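# Architecture at a glance
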Amino acid sequence: MSPITRDPSTETGTDADGRSTRWEDHREARRAELVRAARRVVHHTGPDASMGDIATAAGTSKSIVYRYFTDKDGLQLAVAAAVVADIRDALDLAATGAGTPREALRGMVDTYLAMIESSPHVYTFVTRGGSVGAFLDSVTELVADPFVRALGLDGSDPDAGWARLWAAGAVGFVRGAGERWLAGDEAPGADREDVAARVAAWLWAGPVAVLSRERTGTRGATTTSGSTTTSSSTTTSSTSAPPARPAQSRVDDDAPSPGESA
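## So, the nonpolar core
Membership of the largest hydrophobic core comes to 62 residues, with the highest contact counts inside it found for Val-79, Val-109, Tyr-112 and Phe-135. With 10 residues, the single largest contributor to this core is helix H4 (residues 72-96).

## Description of the confidence of the model for the chain
The pLDDT averaged across the chain works out to 75; a share of 71% of its residues lies at or above 70. Helix H2 (residues 51-57) holds the highest mean pLDDT among the elements of the chain, 94, whereas helix H10 (residues 250-253) holds the lowest, 30. The model gives residues 1-14 a pLDDT under 50, and that stretch makes 34 contacts with residues more than four places away or in other chains. When the criterion is pLDDT under 50, residues 222-262 qualifies, and its contacts beyond four places in sequence or with other chains add up to 39 contacts.

## So, empty space enclosed by the protein
Tallied over the entire structure, the rule returns 1 cavity of 30 Å³ or more. Roughly 90 Å³ of internal volume is contained in the largest cavity. Around the largest cavity, the lining residues are Leu-105, Met-108, Val-109, Tyr-112, Val-139, Val-143, Ala-170, Val-171, Val-174 and Leu-203. With 4 residues, helix H5 (residues 101-118) is the largest single contributor of residues to the lining of the largest cavity. The class makeup of the residues in the lining of the largest cavity is 10 nonpolar, no polar and no charged.

## What to know about the packing of helix H7 (residues 132-150) against helix H8 (residues 158-183)
It is the contact of H7 with H8, at a shortest axis distance of 8 Å, that shows an interaxial angle of 130 degrees. Between H7 and H8, the interaxial angle falls into the category oblique. Both H7 and H8 take part in a crossing whose hand is right-handed. Residues Val-132, Leu-136, Val-139, Thr-140, Glu-141, Val-143, Ala-144, Asp-145, Phe-147 and Val-148 of H7 touch H8, and the partners they reach there are Ala-160, Ala-163, Arg-164, Trp-166, Ala-167, Ala-168, Val-171 and Arg-175. Classifying every residue of the contact of H7 with H8 gives 13 nonpolar, 1 polar and 4 charged.

## With respect to the environment of Gly-133
As for its position among the elements, Gly-133 is in helix H7. The exposure class of Gly-133 is partly exposed, given its relative accessible area of 35%. As for Gly-133 and Leu-77, which are separated by 56 residues in sequence, their C-alpha atoms are 9.6 Å apart.

## Points about H7
Over its 19 residues, H7 extends 27 Å from the first C-alpha to the last, a length consistent with the 27 Å expected when each residue adds 1.5 Å. Residues of H7 that are buried include every one of Phe-135, Leu-136, Val-139, Thr-140, Leu-142, Val-143, Ala-144, Pro-146, Phe-147 and Val-148, and no others. One or two residues past the end of H7 sits Gly-152, with phi positive at roughly 75 degrees.

What counts, and where the lines are drawn
Residues numbered from 1 in each chain as written. Predicted model: local features only at pLDDT ≥ 70, side-chain atom pairs only at ≥ 80, totals over all residues. Heavy atoms only, no water. Core = buried A, V, L, I, M, F, W, Y, C linked by side-chain atoms within 4.5 Å. Buried < 20%, exposed > 50% of the residue type's maximum accessible area, 1.4 Å probe, protein only. Helix = DSSP H or I, 4+ residues; strand = E, 2+ residues; numbered from the N terminus. pLDDT = per-residue confidence, 0-100. Contact = heavy atoms within 4.5 Å. 1 Å grid on protein atoms, 1.4 Å probe; cavity = no way out; pocket = protein on both sides within 12 Å on 5 of 7 lines; lining within 4 Å. Points joined across faces, edges and corners; volume = space filled by probe spheres on them. Nonpolar A, V, L, I, M, F, W, Y, C, P; charged D, E, K, R; others polar. Axes fitted to C-alpha atoms, helices over the stretch in contact; angles between N-to-C directions. Parallel < 35°, antiparallel > 145°, perpendicular 65-115°, else oblique. Left-handed = near helix turned anticlockwise from the far one by under 90°. Expected span 1.5 Å × (residues − 1).

Rendered as C-alpha cells:
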C-alpha cells in the first residue's frame, strides 16, 4: 500500500519554467511537515490521536491531510518510514563501531530499546495496524545488513542468508521483550542497559553464536604454507570425513540463561 495519494491536479512532464518541479518540491515539503506534526501529536497525546488532531496541530484541515495520505494507515506508514530513517545511522554505527560481533549485537539491541523508550506512543503508533509489517521488515533489513558485515560475510556467502534469517527472528524477539519491559510487566525497575545486555546475551547464545564459532573454527583449522593452503580436516580418501565440531569458544560461554546474571 502506497502511503501517498497523488493529487490529480499535479502536472506531469517537464515544464520549461520549472513549475512542475517546484510543485513537486512543495508537495514533498508539505508532506514532511505533516509527518512531523503527526509525530509530535502522537508523542504527546498517544497513539490514538485522530486525523483531526493531527490536522489541527499542522494548522490545516483533515481534507488536506487526506490529500497527501490515502488514510490513517498511509500516515502510519509515512511516520514509520521517518522513524526508520532516524534509527538507520544509529544501528549502523552500533555495528560498525563495535569490536566484536557480540558487541555489535548488544549495541543494536540497545538502539532498538532506546527507540521504544524515547517515544513509546510513536512506537506503538507505527507498530500496529497496516504499518507494522512494513516497519518490522525495514528494521530487519537495518539489523541484518550491518550484522552480516560484522560477521565478515558478503552477499554471495551462503551464511549471509542464515544471518538474515536470524535477524528476522531477532527483531521479533527484541520487540517482544522490549514491549513487555516497557509495559512494566516483567523485570520492573530494570534499566535499558541491563535489558539490552541480557537480551543480547540470550540471542548470542543461540544460532548466531553457532555461526560465529563455525566460521572461527573453519578459519582456525586452515593453515597456509607458501602459496598452498591446506585444511587440517582434509583426508586422502575420496570420501570426505565429517568436519569436526568446532571447540567451544569463550565468545558465548559466559552468556547467561534467562534468570541468570549478565
